[in-house]
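Next come the chains, spelled out residue by residue.
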Amino acid sequence: MTLHEDAVLVLKAYEDQSELRDLYLEHLAAHPDGVYKPCGAGHITGSALVVDPVRGRVLLTLHKKLGMWLQMGGHCEPGDRTLAEVALREAREESGIASGLTLVEGGPVRLDRHPIPAPCHWHLDVQYAALAPAGAVAEISEESLDLRWFPYEEVAAVADASVVRLLEATLARLGG
């Protein structure tokens with residue numbers, strides 16, 4: 001199975017945000033390369049919000065190019081087989097937590113479509129949540145200006161609405 005085929009299956013199974021989900025599926029139907037960065041009409045990205053439910057905190061990265069506190073995430077790469085794999089790879093790379101991260105069960109938590117500068121036009125982000133292992137030590141990557149754990153209640157003060165919605169959906173998924 002290709003990454004494109006996996007994306008279609010994952011999105012068809014995703015029941016929330018039906019309008020946005022359908023837009024993603026239309027994009028993939030129209031663009032065989034729609035999961036990769038060179039697709040000028042936009043491309044699928046994968047991200048994961050790293051959470052530590054035991055301590056009631058979330059790990060955010062201060063994105064080097066955007067100067068914003070965000071969840072870990074990025075582009076699909078050749079060799080990626082699934083969107084879940086993309087999200088988990090990005091979470092490991094950007095958090096510095098090399099082992100023990102696990103995706104929250106149930107597939108993607110949310111979808112978020114946001115504009116990006118030309119030559120591409122849109123990131124069609126498929127957002128997961130990842131559980132940090134006990135005692136996880138985060139380490140800043142080259143892609144970040146900073147990396148920091150925030151208590152859940154502080155996220156709205158530092159991050160944009162898309163991250164807040166992702167945290168809310170993640171906490172709902174976790175039953176909290």
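Use the structure listed above.
Residues numbered from 1 in each chain as written. Predicted model: local features only at pLDDT ≥ 70, side-chain atom pairs only at ≥ 80, totals over all residues. Heavy atoms only, no water.

## Focus: the overall build of the chain
Logical step 1: Each helix and strand in the chain was counted, giving five helices and eight strands.
Logical step 2: Listing each helix as α and each strand as β along the chain from the N terminus yields α-α-β-β-β-β-α-β-β-β-β-α-α.
Logical step 3: Burial status across the chain gives 48% buried among its 176 residues.
Logical step 4: A separation threshold of at least 6 residues defines the contact pool for the chain, and within that pool the share at least 24 residues apart is 65%.
Logical step 5: A total of about 8,700 Å² of accessible surface is found on the chain, and carbon and sulfur atoms cover 55% of it.
Logical step 6: Once the 15 positive and 26 negative side-chain charges of the chain are each reduced to a mean point, those two points are 1 Å apart. (Helix = DSSP H or I, 4+ residues; strand = E, 2+ residues; numbered from the N terminus. Buried < 20%, exposed > 50% of the residue type's maximum accessible area, 1.4 Å probe, protein only. Contact = heavy atoms within 4.5 Å. Areas by Shrake-Rupley, 256 points an atom, 1.4 Å probe, with all protein chains shown as cover. Lys, Arg positive; Asp, Glu negative; His and termini not counted. Charge placed at Lys NZ, Arg CZ, Asp CG, Glu CD.)

## Digging into the packing of aromatic side chains
Logical step 1: For the coordinates displayed, the defined rule picks out one aromatic pair.
Logical step 2: Between W69 and F150 the ring centres are 5.0 Å apart and the planes differ by 80°, which places this aromatic pair in the edge-to-face class. Pair noted here: W69 is in strand 3 (residues 69-70) and F150 is in strand 8 (residues 144-151), with a separation of 81 residues, a long-range link. For the pair formed by W69 and F150, the shared burial category is buried. (Phe/Tyr/Trp six-rings, centres within 6.5 Å; stacked < 30°, edge-to-face > 60°.)

## Some remarks on the packing of helix 1 (residues 3-13) against helix 2 (residues 18-30)
Logical step 1: Running from amino to carboxyl end, helix 1 crosses helix 2 at an angle of 155°, the nearest separation of the two axes being 10 Å. Judged by the inter-axis angle, helix 1 sits roughly antiparallel to helix 2. The handedness of the crossing between helix 1 and helix 2 is left-handed. In contact with H4, A7, V8, L11 and K12 of helix 1, helix 2 contributes R21, Y24, L25 and L28.
Logical step 2: Of the residues assigned to the contact of helix 1 with helix 2, the class counts are six nonpolar, one polar and two charged. (Axes fitted to C-alpha atoms, helices over the stretch in contact; angles between N-to-C directions. Parallel < 35°, antiparallel > 145°, perpendicular 65-115°, else oblique. Left-handed = near helix turned anticlockwise from the far one by under 90°. Nonpolar A, V, L, I, M, F, W, Y, C, P; charged D, E, K, R; others polar.)

## Observations concerning the pattern of salt bridges
Logical step 1: For the structure shown, the criterion picks out ten salt bridges.
Logical step 2: One salt bridge in this structure joins E85 and R81, with 2.9 Å as the shortest N-O distance.
Logical step 3: Since its relative accessible area comes to 56%, R81 is described here as exposed.
Logical step 4: Put simply, E93 and R89 hold a salt bridge, and the shortest N to O gap is 3.6 Å. (Salt bridge = Lys/Arg side-chain N within 4 Å of Asp/Glu carboxyl O.)

## Describing helix 3 (residues 83-95)
Note on helix geometry: an α-helix contains 3.6 residues per turn, so any two residues three or four positions apart are oriented the same way.
Logical step 1: The end-to-end C-alpha separation of helix 3 is 18 Å, in line with the 18 Å expected for 13 residues at 1.5 Å each.
Logical step 2: Of the residues making up helix 3, those classed as buried are L83, V86, A87, L88, R89, E90, A91, E94 and S95.
Logical step 3: Two residues or fewer past helix 3, G96 is found with a positive phi of approximately 80°. (Expected span 1.5 Å × (residues − 1).)

## Some words on the nonpolar core
Logical step 1: Ranked by size, the top nonpolar core spans 32 residues in total, and within it I44, V50, L83, L101 and V126 carry the most contacts.
Logical step 2: If you list the elements that add at least two residues to this core, you get helix 1, helix 2, strand 1 (43-52), helix 3, strand 7 (122-131) and strand 8.
Logical step 3: Within the second largest apolar cluster, 19 residues are counted, among which are L49, Y152, V155 and A159. (Core = buried A, V, L, I, M, F, W, Y, C linked by side-chain atoms within 4.5 Å.)

## Looking at the side chain of T170
Logical step 1: The residue T170 is located in helix 5 (residues 161-173) in this model.
Logical step 2: A distance of 2.8 Å separates the side chain of T170 from the backbone oxygen of L166, its partner in a polar contact.
Logical step 3: Setting aside its immediate chain neighbours within four residues, T170 contacts L49, V51, V109 and A129. (Polar contact = N/O pair within 3.5 Å; in protein donor to acceptor, adjacent residues only side chain to side chain.)

## A closer look at the side chain of S162
Logical step 1: On the secondary structure map, S162 appears in helix 5.
Logical step 2: Residue class for S162 comes out buried when judged on its relative accessible area of 12%.
Logical step 3: Reaching out from S162, the side chain makes a polar contact with the side chain of D160 at a distance of 2.8 Å.

## Regarding the pairing of strand 2 (residues 57-63)
Logical step 1: Most of strand 2 is tucked away, with six of its seven residues classed as buried.
Logical step 2: As defined by bridge partners, strand 1 adjoins strand 2 across three bridges and the pair is classed as antiparallel. Its bridge partner lying in strand 2, V51 is registered against V58.
Logical step 3: Hairpin remark: strand 1 followed by strand 2, antiparallel, with four residues in the connecting loop; positive phi at G56, about 65°.
Logical step 4: Here strand 2 runs beside strand 8; their pairing, made up of seven bridges, is antiparallel. Counterpart to T61 in the pairing with strand 8 is L147. (Pairing = 2+ DSSP bridges.)

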